Amino acid sequence: MPVAIITGITGQDGSYLAENLLSKGYQVVGMVRRSSTVTMERLEKIQDDIIITQGDLHDQSSMVSLLEEFKPDEVYNLAAQSFVPTSWSQPLLTAEVTALGVTRLLEAIRQVNSKIKYYQASSSEMFGKVVDVPQQESTPFYPRSPYGVAKVYGHWITVNYRESFDIFATSGILFNHESPRRGLEFVTRKISNTVAKIKKGTVKELRLGNLEAQRDWGFAGDYVEAMWKMMQHSVPDNFVIGTGETHSVREFCELAFGYVGLNYMDYVVQDPRFYRPAEVDLLISDPTKAKVELGWEASTSFKNLVEMMVESDLQHLSK
Ligand code: NAP
Ligand code: GDD
């Protein structure tokens, strides 16, 4: 039975990846940071099938112990301070976890067993103020937030450990991916959740920032399969993962409100509080390499994604 360690297992992607790997016959070990409140909500259904153990990307010794104890074949590093606005209010914490945390984990692998395969959760946020449209693996980075800068560091240190120490270290450059399990602060879930509340009559408006920002939005459940495929590839590499389509926040609102028979213009209020000091205006992927080399393609349409999220929030509120 192959063993996989997932950091960030309590997050959106961690929960989908854990389910995916369990279905493939892996023993799944999740690293969670110590907290006074348990944050296992997304793992409820599979809690008895996985091993949860404590560790923190701040603390290298915890990762060394983890690797020594569980002897994984594969490590998926999904843990990060992942919310872009927080990276301006907590830039040093973001750098510690999202950037240096990657080196700590790679160092732990180098020390314990350099044959362990490593997956780095890199991000389209690295393309920032894009210099090419669409963005592919060779597109230069121009990050626009401390989070984006930290992810660029994480990406390059992954490449560097691959080239310096011959570690199977792969970097998945994933474009935005969403789901009913998305954190409530991200724009898609903020919209789907508020639309459901407006429909139920408990909330009257939705306050948002920049409605014109465009993103390449896919479904997280599809994207974790791409992570696994990258780890089974013959060589470690960098892969762009996305749908190849882009849509604005405004379009997301239009579809989400439309799904419950409402017009978004009657409810959306633009609020300067949600604008960013520097914006990423347009992201759109060219996922050709993933299709050709991994045989991976996104399979959930934008419309289906929006409807899935609103429907799930409606059902959640009904309960
Ligand atoms: P998420 O829901 O915010 O989950 C982040 C995870 O990291 C949580 O499990 C969190 O644990 C954990 N974490 C945070 N700080 C930690 C620390 N110091 N030590 C150990 N664990 C820590 O993020 P996601 O959307 O699933 O994304 C997964 C990864 O992919 C992240 O690295 C993100 O930056 C990257 N990414 C995401 C997207 C996307 O669109 N979703 C796109 C590109 C890249 P708690 O539960 O304790 O907070
Ligand atoms: N969060 C949020 N809240 N975003 C808003 C709002 C709002 O009220 N109003 C407009 N937006 C716009 C943001 O300005 C941004 O342009 C866009 O909606 C998407 O914001 P988020 O959903 O917060 O995601 P993100 O693109 O900044 O970052 C996500 O995707 C990255 C990949 O490109 C995160 O998951 C990152 O961790 C990930 O790396």
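Our structure is the block above this text.
Cut-offs applied
Residues numbered from 1 in each chain as written. Chains lettered and ligands numbered in written order. Predicted model: local features only at pLDDT ≥ 70, side-chain atom pairs only at ≥ 80, totals over all residues. Heavy atoms only, no water. Helix = DSSP H or I, 4+ residues; strand = E, 2+ residues; numbered from the N terminus. Expected span 1.5 Å × (residues − 1). Bend = angle between axes of the 7 residues up to and from the residue. Buried < 20%, exposed > 50% of the residue type's maximum accessible area, 1.4 Å probe, protein only. Contact = heavy atoms within 4.5 Å. Near = heavy atom within 4 Å. Polar contact = N/O pair within 3.5 Å; in protein donor to acceptor, adjacent residues only side chain to side chain. Areas by Shrake-Rupley, 256 points an atom, 1.4 Å probe, with all protein chains shown as cover. Domains from an automatic or database assignment. Salt bridge = Lys/Arg side-chain N within 4 Å of Asp/Glu carboxyl O.

## Some words on helix H4 (residues 91–112)
The terminal C-alpha atoms of H4, which comprises 22 residues, lie 30 Å apart, in line with the 32 Å expected from a rise of 1.5 Å per residue. Of all the bends in H4, the greatest measures close to 45° and is centred on leucine 100.

## Quick look at helix H5 (residues 146–165)
Counted at 1.5 Å a residue, the expected span for H5 with its 20 residues is 28 Å, and the 28 Å between its end C-alpha atoms agrees. Of the positions making up H5, those classed as buried are Tyr147, Gly148, Ala150, Lys151, Val152, Gly154, His155, Ile157, Thr158, Val159, Tyr161 and Arg162. Among the structural elements, helix H3 (84–89), H4, strand E5 (117–123), strand E6 (169–174) and strand E11 (238–241) are those in contact with the buried residues of H5. At the C-terminal side of H5, aspartate 166 shows a positive phi close to 60°.

## A closer look at the site of ligand 2
Taken together, 23 residues lie around ligand 2, and Ser123, Ser124, Tyr147, Arg276 and Glu279 are the ones closest in. Contact distances for ligand 2 include 2.5 Å between an oxygen atom and a side-chain N or O atom of tyrosine 147. Between a nitrogen atom of ligand 2 and a main-chain N or O atom of glycine 209, the distance comes to 2.8 Å. Summarising the interface, the protein chains cover 95% of the accessible area of ligand 2, which totals 720 Å² for the free molecule. Domain assignment of the residues forming the shell around ligand 2 places at least three in each of domain 1 (3–177 + 217–241) and domain 2 (183–216 + 245–282 + 300–318).

## Some points on the pattern of salt bridges
A complete count under the given rule lists 14 salt bridges for this structure. A salt bridge links arginine 189 to aspartate 313; its shortest N-O distance comes to 2.8 Å. One end of the pair, arginine 189, is in helix H6 (residues 187–200); the other, aspartate 313, is in helix H10 (residues 302–318), and 124 residues separate them in sequence. Of the two residues examined, arginine 189 and aspartate 313, each falls in the buried class. With its nearest N and O atoms 3.7 Å apart, the salt bridge here joins lysine 291 to glutamate 297. Residue classification places lysine 291 among the partly exposed positions, given a relative accessible area of 45%. Ionic contacts of the salt-bridge type, sharing partners, join the residues Glu205, Arg207, Asp271 and Arg273 into one network.

## As for the environment of asparagine 176
Within the secondary structure layout, asparagine 176 lies in the loop between E6 and strand E7 (177–178). For the pair asparagine 176 and isoleucine 241, spaced 65 residues apart in sequence, the C-alpha to C-alpha distance is 9.2 Å. Setting aside anything within four residues of it in sequence, one finds asparagine 176 in contact with Ser124, Arg215, Asp216, Trp217, Gly218, Tyr223 and Leu283.

Function cannot be inferred from these measures alone, as they are strictly geometric.
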